Amino acid sequence: MNGAAGRSSLHRLMQRKSTIAFLMALPLILVILLLVAYPAAYSIYLAMLNKSMERFVGLGNFTFLFGRETFWLVVKQSCLFAITAVIFKALIGFIVAHFVHNIPTKGQRKWRGMLLVPWVIPPAMSTLAWLWLFDPSYSAFNWILALFGIDPIPWTGNGSWARFSVILVNIWIGAPFFMIMYLAALKSVPEQLYEAASIDGATWWQRIWYVTLPMMRNIIAITALFSLIVTFANFDIVRVLTAGGPIDYTHIFATWAFRVGIESGDIPLGAAVSLFMVPILAAAAVFILRDISQRGNEA
């Protein structure tokens, strides 16, 4: 009797949509636990060891970092790098998406393919090409400036110009991603809304502000959050272009963690540096996702 009741309960459980959904998502959950949760937990463990990885020091590595001026420089540069790059990528992606959206359908495929090239090419390869453009002796940019009588610019030899250079390269690589996401969002906006706005006498800017942006707010927020996470954790652009120089002026969390943990042989301290990205990105994710959730509830 108990066996029959147990089989009946199991049968009802297996018929629930939530149970089916969980079982279908179980392989992905296991992959995430294996590739994300375990490395994250191991990083926390490493960050609490001493340099020789033989003694538990608790929060000693974090306390040590708080007292280093270079650490706060890295925090400042990481935030400046990520926020500035994401804002300009979103702005450029929005403008270019409108340009492509207004092209006749037959020509859109060609433009989409050409504009996606910077994003499709491996970042390290793209950055190497930019490195040649910024070369102090054979810079193509400085050659063009010389034609107008302008002195050469030390693109990677000056702190401010080096920061500008890494942000510029990141924008060039990442803007096509925003463009393709916004283009997809634009195609989902009903044309009837634009027609109604035009009948009401709305200008081009008013149609953008009162129709396009409200309809795209969620995709803009999600894209910005995804790009912020990727940009914050970026490694290859800074590593190839400036290697954190000059004098640590372009180091961000990923590159400085590599310098401290791998090149200097202090893996626990490098793990502690990388973990500082977590609370910053978590705060950004909570802020953006909460805003999306509130708008969903209002709708």
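As a starting point, this report considers the structure included with it.

## Remarks on the overall build of the chain
Secondary structure summary: the chain contains 15 helices and 0 strands in total. For 299 residues, the compact-globule formula gives about 19 Å, and the C-alpha radius of gyration of the chain, at 25 Å, lies well above that figure. Taking the principal axes of the C-alpha coordinates as reference, the chain spans close to 90 × 75 × 30 Å. With 299 residues in all, the chain has 36% of them scored as buried.

## Points about the packing of aromatic side chains
Under the counting rule described, the total for this entry stands at 26 aromatic pairs. Ring geometry for Tyr 38 against Tyr 42: centres 6.1 Å apart, planes inclined by 10 degrees, an arrangement best described as stacked. Note that Tyr 38 and Tyr 42 are positioned in helix H2 (residues 17–46) at a spacing of 4 residues, about one turn of the helix. Among the residues examined, Tyr 42 registers a relative accessible area of 39% and is labelled partly exposed. Ring geometry for Trp 130 versus Trp 172: centroids 5.7 Å apart, planes at 70 degrees, classification edge-to-face. Of this pair, Trp 130 sits in helix H7 (residues 123–133) while Trp 172 is found in helix H9 (residues 159–187), placing the two residues 42 residues apart along the sequence. Take Trp 172: its relative accessible area is 35%, and that puts it in the partly exposed class. Joined through ring pairs, the aromatic side chains of Trp 130, Phe 134, Phe 141, Trp 155, Trp 161, Phe 164 and Trp 172 make up one cluster.

## A short note on empty space enclosed by the protein
Tallied over the full model, the rule gives 1 cavity of 30 Å³ or more. Surrounding the largest cavity, Gln 77, Leu 80, Phe 81, Arg 163, Val 166, Ile 167, Tyr 249, Thr 250 and Ile 252 form its lining. Put simply, the parts of the chain that give the lining of the largest cavity at least two residues each are helix H4 (69–101) and H9. Residue composition of the lining of the largest cavity, grouped by class: 6 nonpolar, 2 polar and 1 charged.

## Side note on the packing of H4 against H9
Their axes nearest at 6 Å, the elements H4 and H9 cross at an angle of 40 degrees. The angle between H4 and H9 falls in the class oblique. You can see that H4 and H9 cross each other, and the crossing is right-handed. When the residues that make up the contact of H4 with H9 are grouped by side-chain class, the tally is 21 nonpolar, 7 polar and 3 charged.

## Observations concerning the layout of surface pockets
Empty space left among the atoms is revealed by rolling a probe the size of a water molecule over them. Estimated volume of the largest pocket: approximately 330 Å³. Surrounding the largest pocket, 13 residues form its lining, Phe 94, Tyr 182, Leu 213, Arg 217 and Ile 220 being those nearest its centre. Of all the secondary structure elements, the ones that give two or more residues to the lining of the largest pocket are H4 and helix H11 (204–232). Broken down by element, the lining of the largest pocket gets its largest block of residues, 7 residues, from H11. Looking at side-chain class alone, the lining of the largest pocket contains 11 nonpolar, no polar and 2 charged residues.

## A word on the pattern of salt bridges
Two side chains of opposite charge can pair, provided their charged atoms sit close to one another. Here the structure, examined in full by the defined rule, presents 2 salt bridges. The salt bridge partner of Glu 263 is Arg 239, with a shortest N-O separation of 2.7 Å. You can see Glu 263 sitting in helix H13 (residues 253–263) and its partner Arg 239 sitting in helix H12 (residues 236–241), a full 24 residues away along the chain. Accessibility expressed as a relative area gives 41% for Glu 263, which makes it partly exposed. In this structure, Glu 263 and Arg 259 form a salt bridge, with 2.6 Å as the shortest nitrogen-oxygen distance. In this pair, Glu 263 and Arg 259 both sit in helix H13, 4 residues apart, roughly one turn of the helix. One salt-bridge network, held together by shared partners, links Arg 239, Arg 259 and Glu 263.

## A closer look at the packing of H4 against H11
One can describe the packing of H4 onto H11 by two numbers: an axis separation of 10 Å at closest approach and a directional angle of 140 degrees. In terms of axis orientation, H4 runs oblique to H11. Crossing handedness for the pair H4 and H11: right-handed. In this structure, H4 uses Ser 78, Cys 79, Phe 81, Ala 82, Ile 83, Ala 85, Val 86, Lys 89, Phe 94 and His 98 to contact H11, whose residues at the interface are Ile 208, Thr 212, Leu 213, Met 216, Ala 224, Ser 227, Leu 228, Thr 231 and Phe 232. In terms of residue class, the contact of H4 with H11 is made up of 13 nonpolar, 5 polar and 1 charged.

## Focus: the nonpolar core
Counting 44 residues, the largest nonpolar core has Leu 65, Phe 71, Tyr 182, Leu 228, Phe 232, Phe 253 and Trp 256 as its most contacted members. Among the secondary structure elements, those contributing two or more residues to this core are helix H3 (60–66), H4, H9, helix H10 (191–199), H11, H13, helix H14 (267–275) and helix H15 (277–298). The element contributing the most residues to this core is H4, with 9 residues. Those residues in contact with Phe 232, other than ones at most four positions away along the chain, are Ser 78, Cys 79, Ala 82, Ile 252, Phe 253, Met 277, Ile 280 and Leu 281. If you look at the next biggest cluster of nonpolar residues, it comprises 16 residues, including Leu 145, Val 169, Val 238 and Ile 252.

Reading the values: rules and limits
Within each chain, residue numbers correspond to sequence positions counted from 1 in written order. pLDDT decides what is reported in this predicted model: residues at 70 or higher carry local features, side-chain atom pairs at 80 or more are listed and counted, and totals for whole chains, interfaces and linings draw on all residues regardless. Only hydrogens and water are removed before side-chain values are computed, so all heavy atoms of the structure are retained for them. Under the scheme used here, helices are H or I runs from DSSP no shorter than 4 residues and strands are E runs no shorter than 2 residues, and both carry numbers assigned from the N terminus. Only C-alpha atoms enter the radius of gyration, while the globule expectation follows 2.2 Å times N to the 0.38, with N the number of residues. Throughout this description, buried means an accessible area under 20% of the type-specific maximum (1.4 Å probe, protein chains only), exposed means over 50%, and partly exposed covers the range between. Pairing of aromatic side chains requires ring centres within 6.5 Å, counting the rings of Phe and Tyr and the six-membered ring of Trp. Pairs whose planes differ by under 30 degrees are stacked, by over 60 edge-to-face, and all others tilted. Using protein atoms alone on a 1 Å grid, points that fit a 1.4 Å probe yet trap it form a cavity, whereas open point sets bounded by protein on both sides within 12 Å along at least five of seven lines form a pocket; residues with an atom within 4 Å of a point count as lining. Grid points are joined across faces, edges and corners, and a volume is the space filled by probe spheres set on the points. Only Asp, Glu, Lys and Arg are considered charged in this grouping, and only Ala, Val, Leu, Ile, Met, Phe, Trp, Tyr, Cys and Pro are considered nonpolar; every other residue, Gly among them, is considered polar. To obtain each axis, a line is fitted to C-alpha atoms, and for helices this fit is confined to the stretch in contact; angles are then taken between N-to-C directions over 0 to 180 degrees. In these notes the angle categories are as follows: under 35 degrees is roughly parallel, over 145 is roughly antiparallel, 65 to 115 is roughly perpendicular, and the rest is oblique. By the definition used in this description, the sense in which the near helix is turned from the far one sets the handedness, with an anticlockwise turn below a right angle giving left-handed and a clockwise turn giving right-handed. The term salt bridge refers to a side-chain nitrogen of Lys or Arg lying within 4 Å of a carboxyl oxygen of Asp or Glu. In what follows, a contact means two residues having at least one pair of non-hydrogen atoms within 4.5 Å. Joining through side-chain atoms within 4.5 Å is the link that ties buried Ala, Val, Leu, Ile, Met, Phe, Trp, Tyr and Cys residues into a set, and such a set is a nonpolar core.

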